[in-house]
Amino acid sequence: MRVPLIAGNWKMNKTPKEALELVNALKPLVQNAAAEVVVCPTFVALSDVLKAAEGSNIKVGAQNMYHQDSGAYTGEISPVFLKAMNVEFVILGHSERRQYFLESNEEINKKVASALKHGLKPILCVGETLEEREKGITFDVIGEQVKKCLADLQQYNLEDVVVAYEPVWAIGTGRTATKEDANEVIGFIRQQLKEVLGEKLSVNTRILYGGSVKSSNIRELMEMPEIDGALVGGASLDAAEFAKIAIY
Ligand code: 13P
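Residues numbered from 1 in each chain as written. Predicted model: local features only at pLDDT ≥ 70, side-chain atom pairs only at ≥ 80, totals over all residues. Heavy atoms only, no water.

Draft legend 1. Structural view of the overall build of the chain. Looking only at helices and strands, one finds 11 helices and eight strands in the chain. For the chain, the C-alpha radius of gyration of 17 Å lies close to 18 Å, the compact-globule estimate for 248 residues. Projected onto its principal axes, the C-alpha coordinates of the chain cover approximately 45 × 45 × 35 Å. Counting over 248 residues, the chain shows a buried share of 53%. Expressed as a percentage of contacts within the chain between residues at least 6 apart in sequence, the contacts between residues at least 24 apart total 73%. Accessible surface, the chain: about 11,100 Å² in total, of which carbon and sulfur atoms supply 51%. (Helix = DSSP H or I, 4+ residues; strand = E, 2+ residues; numbered from the N terminus. Rg over C-alpha atoms; globule rule 2.2 N^0.38 Å. Buried < 20%, exposed > 50% of the residue type's maximum accessible area, 1.4 Å probe, protein only. Contact = heavy atoms within 4.5 Å. Areas by Shrake-Rupley, 256 points an atom, 1.4 Å probe, with all protein chains shown as cover.)

Put into structure tokens, the structure is as follows:
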């Protein structure tokens, strides 16, 4: 049984004070959510949000991390620090990190391994660009991302892996993939998982959809058999709207 997961990626938004206000507003609104609810604030707001979320059903994730435990990596954040703070999830390989910070599948693979090594639950993002979709190579791109980012992880507890399918052309554009398209690609990702993680994990791994998810389209997405939840950007910045999505 795959428990639905609704995660909010706050991206580079909300000061620590604003983040605290947002999580506090969210707490009563999502307390009866059947889905697992996760919020991912910026690093500097993690501490306040973690404290505020204590004792509630809201779980907390980071938006990125470096793959090394410590050392001369100015400006980077270690999985050891996240774990020490009781952060539970970490988004890895988001398309914005691939696009603006040139993260490769190989680097993301190291991050996934490091997250699992330290007991963090990775939310691995994959997705094709508009150009790739128009060229008809969506499945090649996604297949390669899944296989490379999840390579050589057999030694870890892979039950904690979550995958998010976020077509780049649907992020922040108001243009959602149709529920059929999202379901088809997520079904394809599940087939790929069978090859890299094995049959059992492919059936049990949660695969989310992300890209212009709103309270008005969440229900139809969640009705699709392969879609196990959502990774929400813009609409997660408003407590009432995100709560409506979380309790869809
Ligand atoms: P939007 O919901 O703003 O399209 O962003 C999606 C996303 O990138 C979540 O990680």
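Draft legend 2. View of the site of the ligand. Not every one of the 13 residues close to the ligand is listed here, only the nearest: Lys11, His94, Gly172, Ser212 and Gly234. Here an oxygen atom of the ligand sits 2.9 Å away from a polar atom, N or O, in the side chain of Glu166. Within the backbone of Ser212, one N or O atom sits 2.7 Å away from an oxygen atom of the ligand. For the ligand, whose free accessible area comes to 310 Å², the fraction covered by protein is 95%. Residue composition of the shell around the ligand, grouped by class: four nonpolar, seven polar and two charged. (Near = heavy atom within 4 Å. Polar contact = N/O pair within 3.5 Å; in protein donor to acceptor, adjacent residues only side chain to side chain. Nonpolar A, V, L, I, M, F, W, Y, C, P; charged D, E, K, R; others polar.)

Draft legend 3. Up close: unusual backbone geometry. A positive phi is found at Lys11, a non-glycine position, where the angle reads about 50°. Among the secondary structure elements, Lys11 is positioned in the loop between strand 1 (5-9) and helix 1 (16-30). Backbone geometry at Ser212 places phi at a positive 55°, although glycine is not the residue there. Within the secondary structure, Ser212 sits in the loop between strand 7 (206-210) and helix 10 (218-222).

Draft legend 4. Geometry of the nonpolar core. Ranked by size, the top nonpolar core spans 69 residues in total, and within it Ile6, Leu150, Ile189 and Tyr209 carry the most contacts. Residue contributions to this core peak at seven residues, all from helix 8 (residues 179-197). Not counting residues up to four positions away in its chain, the partners in contact with Ile6 are Ala35, Glu36, Val37, Val38, Ile218, Gly229, Ala230, Val232, Phe242, Ile245, Ala246 and Tyr248. (Core = buried A, V, L, I, M, F, W, Y, C linked by side-chain atoms within 4.5 Å.)

Draft legend 5. How the structure looks around the pairing of strand 5 (residues 121-126). Within strand 5, five of the six residues are buried, leaving the element largely enclosed by the surrounding structure. Where strand 4 (residues 89-92) and strand 5 come together, four bridges link them in parallel fashion. Its bridge partner being in strand 5, Ile91 is matched across the sheet by Ile123. Summarising the sheet, strand 5 and strand 6 (residues 162-165) pair through four bridges and their orientation is parallel. Pairing of Val126 across the sheet is with Tyr165, part of strand 6. (Pairing = 2+ DSSP bridges.)

By themselves, these are just geometric observations and shouldn't be taken as functional.
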